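# Structural features, examined
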Amino acid sequence: MMAEAGAGGPRLAELLALGRRLWDELEASTEPSSGAPAVQEKVRQGLDALQRAAAMVAQLELFSENEELEEIASADLKFMLLPALLGAMTLKQVDLSKRREHLESAREHFLRFLRLCRNYGLGSFQLPPSTAGEEEARSPSAPPDPAQPNLVTMAMSRTAKIERYKQKKELENKLASMSSSVENGTADEDQIREFYTLQIQKWIGTSLEEVESIDQELVILRGRDAARQAAAGPRGPSRAAKVPMKPFILTRNAAQARVFGAGYPGLPTMTVDDWYEQRRKQGIASQQGFGEPGSPPCSSPPAGPSDEELQKQQQETETEEDDEEALRKARDWDDWKDTHPRGYGNRHNMG
């Protein structure tokens, strides 16, 4: 079945050709940074063309799990490369805030391509797990001792990489010798089929390498995200902000407040009872263990005074306020303070 697009829009082959051309230009680019605006614009255009082509392939149901490789037309084999090209183009994006999202999306594109190739019997390879870290989650065995690495696994991995590299170079040489005849239309059916099959095999190796690299980077990114979440985790309850206290003169009763307030006009005066009542209203006395005036601090809230004690204190205050002798002494002291500045008569510390 030959793939064609609907009327009025670009053909599927044209979209694939545009995506391939932009990819080749990005690979051969001499721009100093992959984040350059010109580079990222090509990435955007390439992704748009490849995504539109992939949507058309899905709509046409070009590939099926129920058919064999021989049933696919030679000219349609090249469309099998769309998921791999989408994965490679996705990795060209440089937005660091979406790096993990891009990695996971590219990985899914590569896996879709590898599953498609595996379904048609193209290449001999082991399919990576569906999600990064799936193999570790399935393994019930204890983690290996870091002091004794698995040398057999390391040797097998190194051998597989060397073999893939050799196959890649051989495929590139064959493709280079065949590309001119396919592009100018002189190649026959068998040559076209072999050319696209070799391209698919080349991208199988590239996809396996990219998935391995993506998995390694995802481990690093997940560890970094976990460390950030731990650093920004819940903290202990913060201490209540202390109410700043302004300086004042503490007196025994209202009479002393009037007397001492005249000598220090810049400072307010407050009786012990007034001070304690103010602290109680602010909720500080119970928190800091303040007891009755003159008593040592305690850890539990002090019991409030009884009604009889309150009445007695009120009577004493009223008696002192009405005491003419106390008022006379207060006035005399006030007059004396007006004529004698603070510190008058202190000669002990003079130099």
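Shown above is the structure to which this text applies.
Report follows, based on the coordinates. (Residues numbered from 1 in each chain as written. Predicted model: local features only at pLDDT ≥ 70, side-chain atom pairs only at ≥ 80, totals over all residues. Heavy atoms only, no water.)

### Some remarks on the packing of helix H1 (residues 12-27) against helix H2 (residues 37-60)
- Between H1 and H2, the least distance of the axes is 8 Å, while the angle of their chain directions is 150°. With respect to each other, H1 and H2 are oriented roughly antiparallel. Crossing angle aside, the handedness with which H1 passes H2 is left-handed. Seen from H1, the contacting residues are Leu12, Leu15, Leu16, Leu18, Gly19, Leu22, Glu25 and Leu26; seen from H2, they are Val39, Lys42, Val43, Gln45, Gly46, Ala49, Leu50, Arg52, Ala53, Met56, Val57 and Leu60.
- Tallied by class, the residues present in the contact of H1 with H2 amount to 14 nonpolar, three polar and three charged. (Axes fitted to C-alpha atoms, helices over the stretch in contact; angles between N-to-C directions. Helix = DSSP H or I, 4+ residues; strand = E, 2+ residues; numbered from the N terminus. Parallel < 35°, antiparallel > 145°, perpendicular 65-115°, else oblique. Left-handed = near helix turned anticlockwise from the far one by under 90°. Contact = heavy atoms within 4.5 Å. Nonpolar A, V, L, I, M, F, W, Y, C, P; charged D, E, K, R; others polar.)

### Comments concerning the packing of aromatic side chains
- Under the criterion given, the structure shown has three aromatic pairs.
- Ring geometry for Trp23 versus Trp203: centroids 5.9 Å apart, planes at 55°, classification tilted. Placement of Trp23 in helix H1 and of Trp203 in helix H7 (residues 189-231) is noted, with a sequence separation of 180 residues between them.
- Judged by relative accessible area, which is 12%, Trp23 ranks as buried.
- Ring centres of Phe63 and Tyr120 lie 6.3 Å apart, and the angle between their planes is 75°; on these two criteria the pair is classed as edge-to-face. Here Phe63, found in the loop between H2 and helix H3 (82-90), pairs with Tyr120, found in the loop between helix H4 (99-119) and helix H5 (134-138); they are 57 residues apart in sequence, far enough to count as distant. The same class applies to Phe63 as to Tyr120, namely buried.
- The lysine or arginine in question, Arg118, covers the ring of Phe125, its NZ or CZ lying 5.7 Å from the ring centre. (Phe/Tyr/Trp six-rings, centres within 6.5 Å; stacked < 30°, edge-to-face > 60°. Buried < 20%, exposed > 50% of the residue type's maximum accessible area, 1.4 Å probe, protein only. Lys NZ or Arg CZ within 6 Å of the ring centre and 35° of its normal.)

### As for the environment of Arg118
- Relative to the helices and strands, Arg118 resides in helix H4.
- Expressed as a C-alpha distance, the spacing of Arg118 and Ile204, which sit 86 residues apart in the sequence, is 9.8 Å.
- Within the local environment of Arg118, its side chain forms a polar contact with the backbone oxygen of Phe125, the two atoms lying 3.2 Å apart. (Polar contact = N/O pair within 3.5 Å; in protein donor to acceptor, adjacent residues only side chain to side chain.)

All quantities given are derived from atomic positions and should not be read as evidence of function.
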